Amino acid sequence: MNETIITTADLLPLLPLIVTTGVAVVVMLLVAMRRNHTLACASTIAGLAIALITTVLTISNAPQQVTPLLIIDQFSLFSTVVVLIIAAFIAVFSYPYLYLLHDEVEEFYLLLIVATIGAIVMVSSNHFISAFLGIETLSIALYAMVAYPLHSKNAAKFPLEAGIKYLVLSAVATAVMLFGIALLYSQTGSLAFINLVQANIEAGAGFTTLALLLITAGFAFKLSLVPFHIWTPDVYEGAPLPATAFLATTGKAAMF
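So, how was this worked out
- Sequence positions are assigned chain by chain, starting from 1 and proceeding in written order.
- A pLDDT threshold of at least 70 governs which residues receive local features in this predicted model, and a stricter bar of 80 or more applies before side-chain atom pairs are shown or counted, although totals over entire chains, interfaces and linings include all residues.
- Where side-chain values are given, they derive from all heavy atoms of the structure, hydrogens and water being excluded.
- Take the buried Ala, Val, Leu, Ile, Met, Phe, Trp, Tyr and Cys residues and link them wherever side-chain atoms come within 4.5 Å; each set so joined is a nonpolar core.
- Relative accessibility under 20% of the residue-type maximum defines a buried residue, over 50% an exposed one, and the middle range a partly exposed one, all with a 1.4 Å probe and only protein chains included.
- For the purposes of this entry, the term helix denotes a DSSP run of H or I that reaches at least four residues, the term strand denotes a run of E that reaches at least two, and both are numbered from the N terminus.
- We call two residues contacting when some pair of their heavy atoms lies within 4.5 Å.
- Any pair of N or O atoms that falls within 3.5 Å is considered a polar contact. Within protein, one atom must be able to donate a hydrogen and the other to accept it, and sequence-neighbouring residues count only if both atoms are side-chain atoms.
- Patch membership requires more than 30% relative accessible area and the absence of a salt bridge. Residues of like charge join within 9 Å; the nonpolar side chains Val, Leu, Ile, Met, Phe, Trp and Tyr join within 5 Å.
- The protein chains shown are the only cover counted for residues, whose accessible areas, like all others here, come from Shrake-Rupley with a 1.4 Å probe.
- Think of a salt bridge as a Lys or Arg side-chain nitrogen and an Asp or Glu carboxyl oxygen that are within 4 Å of each other.
- Angles shown run from 0 to 180 degrees and are taken between the N-to-C directions of axes, each axis being a line fitted to C-alpha atoms and, for helices, limited to the stretch in contact.
- Here the word oblique covers every angle except those under 35 degrees (roughly parallel), over 145 (roughly antiparallel) and from 65 to 115 (roughly perpendicular).
- Rotating anticlockwise by less than a right angle from the far helix to the near helix defines a left-handed crossing, while the corresponding clockwise rotation defines a right-handed one.
- We call Asp, Glu, Lys and Arg charged. Ala, Val, Leu, Ile, Met, Phe, Trp, Tyr, Cys and Pro are nonpolar, and the rest, Gly among them, are polar.
- What a helix is expected to span follows from its residue count: subtract one and scale by 1.5 Å.
- One axis fitted to the seven residues ending at a residue, another fitted to the seven starting there: the angle between these axes is the bend at that residue.

S.K.: Help me understand the nonpolar core, please; the structure alone is not making it clear to me.
M.R.: Considering soluble globular proteins, one finds that nonpolar side chains tend to be buried as a cluster. Counting residues in each nonpolar core, the largest one holds 65 residues, and the members touching the most others are L142, M145, Y166 and F246. Element by element, the count of residues in this core is highest for helix 5 (residues 106-123), at 13 residues. Setting aside residues up to four positions removed in sequence, L142 forms contacts with Y166, F246 and L247.

S.K.: I tried to follow the side chain of H37 on my own but got confused; where do I start?
M.R.: Summarising the element assignment, H37 is placed in helix 3 (residues 37-58). A distance of 2.6 Å separates the side chain of H37 from the side chain of Y109, its partner in a polar contact. Setting aside residues no more than four positions away along its own chain, H37 makes contact with Y95, L98, Y99, V105, E106 and Y109.

S.K.: I would appreciate a short explanation of a nonpolar patch on the surface in the present structure.
M.R.: A cluster of nonpolar residues, L160, I164, L167, V168, L169 and V172, forms a patch on the protein surface that exposes about 490 Å² of accessible area. Residue position: I164 is located in helix 7 (residues 159-188). Since its relative accessible area comes to 44%, I164 is described here as partly exposed.

S.K.: Would you mind showing me how to read the packing of helix 2 (residues 15-33) against helix 5 here?
M.R.: The contact between helix 2 and helix 5 brings their axes to 9 Å, and the two run at 165°. Considering the angle they form, helix 2 stands roughly antiparallel to helix 5. Relative to helix 5, the crossing made by helix 2 is left-handed. For the pair formed by helix 2 and helix 5, the contact residues are L17, T20, T21, V23, A24, V27, M28 and V31 on the first element and E106, E107, L110, I113, T116, I117, I120 and V121 on the second. In the contact of helix 2 with helix 5, the residues fall into eleven nonpolar, three polar and two charged.

S.K.: Please clarify how the packing of helix 2 against helix 3 should be interpreted in this entry.
M.R.: How two helices pack is summed up by the angle between their axes together with the distance between the axes. Running from amino to carboxyl end, helix 2 crosses helix 3 at an angle of 170°, the nearest separation of the two axes being 8 Å. In terms of their interaxial angle, helix 2 and helix 3 are classed as roughly antiparallel. Of the residues in helix 3, those touching helix 2 at L15, P16, V19, T20, V23, V27 and L30 are L39, S43, T44, G47, I50, A51, T54, T55 and T58. Tallied by class, residues from the contact of helix 2 with helix 3 come to nine nonpolar, seven polar and no charged.

S.K.: When you look at helix 4 (residues 74-99) in this model, what are you seeing that I'm missing?
M.R.: Each full turn of the α-helix corresponds to 3.6 residues, which orients residues three or four apart in the same direction. Over its 26 residues, helix 4 extends 38 Å from the first C-alpha to the last, a length consistent with the 38 Å expected when each residue adds 1.5 Å. Roughly 30° is the biggest bend found in helix 4, and it falls at F93, with proline P96 one to four residues downstream.

Structure follows, in structure tokens:
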């Protein structure tokens, strides 16, 4: 019986993801123990800064494959740096906006961190399973961020409407993408990205072309590419400004 021994060297490439996840836990505990808007915001920014530092320190150990699901190389680390910087700026930008809502807003920062975790998983993905988990972690957090200021009088006019529209249409896009992934698996027998090359070579075989079209359609929805951009104006208009900023930057950058 073979035993897999995980060493420190194996965990080091995942340090940015581990630190960001730890920040989410810390912020959640702080919010549970004491509701303080300034403390939640400062903790989020400090945690993202620490994760950014660990990302820079990890560059010397790249590239490294971490299970078949994730690959940590210069490109994924660069994308992680971009995601963390954007998330930190949006956390700073969110403070004055949320302060004016006169409501309990500390959980918004927790949702921001969870969405950032999903984005980091996406940019490090080497497999459709990890990519799907990252996409859904990012999307589910964004559903709540879009509809977050529902009960505040000073919020955007239609946050609940924007959240429901984004939820329903995103779920449809996810279903289309999953169907394409299932068809691709039926043709290649694997969900690793490397098999897309094989699928492209054998584009005339079976349902491969249809599978690639369905996957592309799902990705195009997340990127708001024509003609899958119809949801964008309504969601951007109804969502709170920080959520719109995150959706228009990190959400697109991670998917790209």
